[in-house]
Amino acid sequence: MKVVLPGGTGQIGTILDRALTAAGHEVIVVTRRPTGERQVGWDGTTLGRWAEMVDGSDVVINLAGRSVSCRYTAENLRAMMDSRVTSARVVGRAIAAAAQPPRVWLQMSTATIYAHRFDAPNDEATGVIGGSETGVPDYWAYSVDIARNWERAQAEAPTPATRKVALRSAMVMSPDRGGVFDVLLGLARLGLGGPVAGGAQYVSWIHDTDFVRAVKFLIDRDDIEGPVNLASPGPLPQREFMRTLRTARGVPVGLPATRWMAELGAFALRSDTELLLKSRRVVPGRLAAAGFDFAYPEWQPAAVDLVGRARSTRSGAGRLRRFT
């Protein structure tokens, strides 16, 4: 199988590239800064040699977009919007122009599209799309607009021969350096992984093994198209999420943080409190209905596995997760 990965040098791209390559598939990574023999350059805006890689491929998985790990200034929010929408559009153009288009286009999206809520989980059929909640910062609605426009760019692309799936992904938990789990584990290790602003907000997540398996599942299932939630069936409040992680790491105490303390911490980390405070209670309705079996449906065994792998990786004995 030939797979093209636009934006494939980030954390999620690295996970997929590693797993796909280990399974014997041909992987072409499309990136702004190509360095390896399997990497092809692009600007995320215009067609070029990279589009030749799309022609004749089996699968395109577009992950391109500016990282959300930044301060949510007006400039950065616009960059997030433009990088996602423009790259999705040009990928659509490349597929539309291909003499032999791929059979499936998986387009990264985000579980942030759903509303900040505590009362019920969000699946694809009954979930509430965000943007009109009260009592939250106004700019949170812009994050929802980014997700809407990201998905719309894929949906509107004229690619009738290619099945399209939008991956509404929760946070992908992997022991790789620099990823979200690495940051959370670092906070726990320092004793800072306590409740934030009370800790009632839900955390939705997916173990990297299940993320890879779900991608393969969606590639193989010709009957699934449109938005699909990639999240474990076990979201839980932030205070429980971090308590479980601390236990897995052997840290008995996690200092709580108020909202203003979270603001200071996010500023120091050059990040934003939306990532900490928005309640993302997302469940995998369509995956479950299609019979997908999660290896890690609950956080406790997932946290134990990830902590163990992180320790092994730090000692130079990390394990490779295969695309199986």
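Quantities reported herein were computed from a predicted structural model and do not represent experimental measurements.

(A) Structural detail: helix α7 (residues 238-249). Compared with an ideal rise of 1.5 Å per residue, which puts 12 residues at 16 Å, α7 spans 16 Å between its outermost C-alpha atoms and is within 8% of the ideal. Inspection of α7 places Gln238, Phe241, Met242, Leu245 and Arg246 among the buried residues, and these make up the whole buried set. One side of α7 carries all its buried residues, which in axial view fall inside an arc of 130 degrees. Buried positions along α7 lie against β7 (171-173), α5 (180-189), β8 (202-203), β9 (205-207), β11 (236-237) and α11 (299-314). Phi turns positive one or two residues past the end of α7, at Gly250, with a value near 80 degrees.

(B) Seen up close, helix α1 (residues 11-22). Taking 1.5 Å per residue as the helical rise, α1 with its 12 residues ought to reach 16 Å, and the 17 Å between its terminal C-alpha atoms agrees with that figure. Along α1, the residues classified as buried are Ile12, Gly13, Ile15, Leu16, Asp17, Ala19 and Leu20. Of the surrounding secondary structure, the elements contacted by the buried residues of α1 are β1 (2-6), β2 (26-31), β4 (59-62), β5 (104-108), β7 and α6 (208-220). Immediately downstream of α1, the backbone of Gly24 shows phi near 95 degrees, a positive value.

Cut-offs applied
- Residues numbered from 1 in each chain as written.
- Predicted model: local features only at pLDDT ≥ 70, side-chain atom pairs only at ≥ 80, totals over all residues.
- Heavy atoms only, no water.
- Helix = DSSP H or I, 4+ residues; strand = E, 2+ residues; numbered from the N terminus.
- Expected span 1.5 Å × (residues − 1).
- Buried < 20%, exposed > 50% of the residue type's maximum accessible area, 1.4 Å probe, protein only.
- Arc of directions from axis to C-beta.
- Contact = heavy atoms within 4.5 Å.

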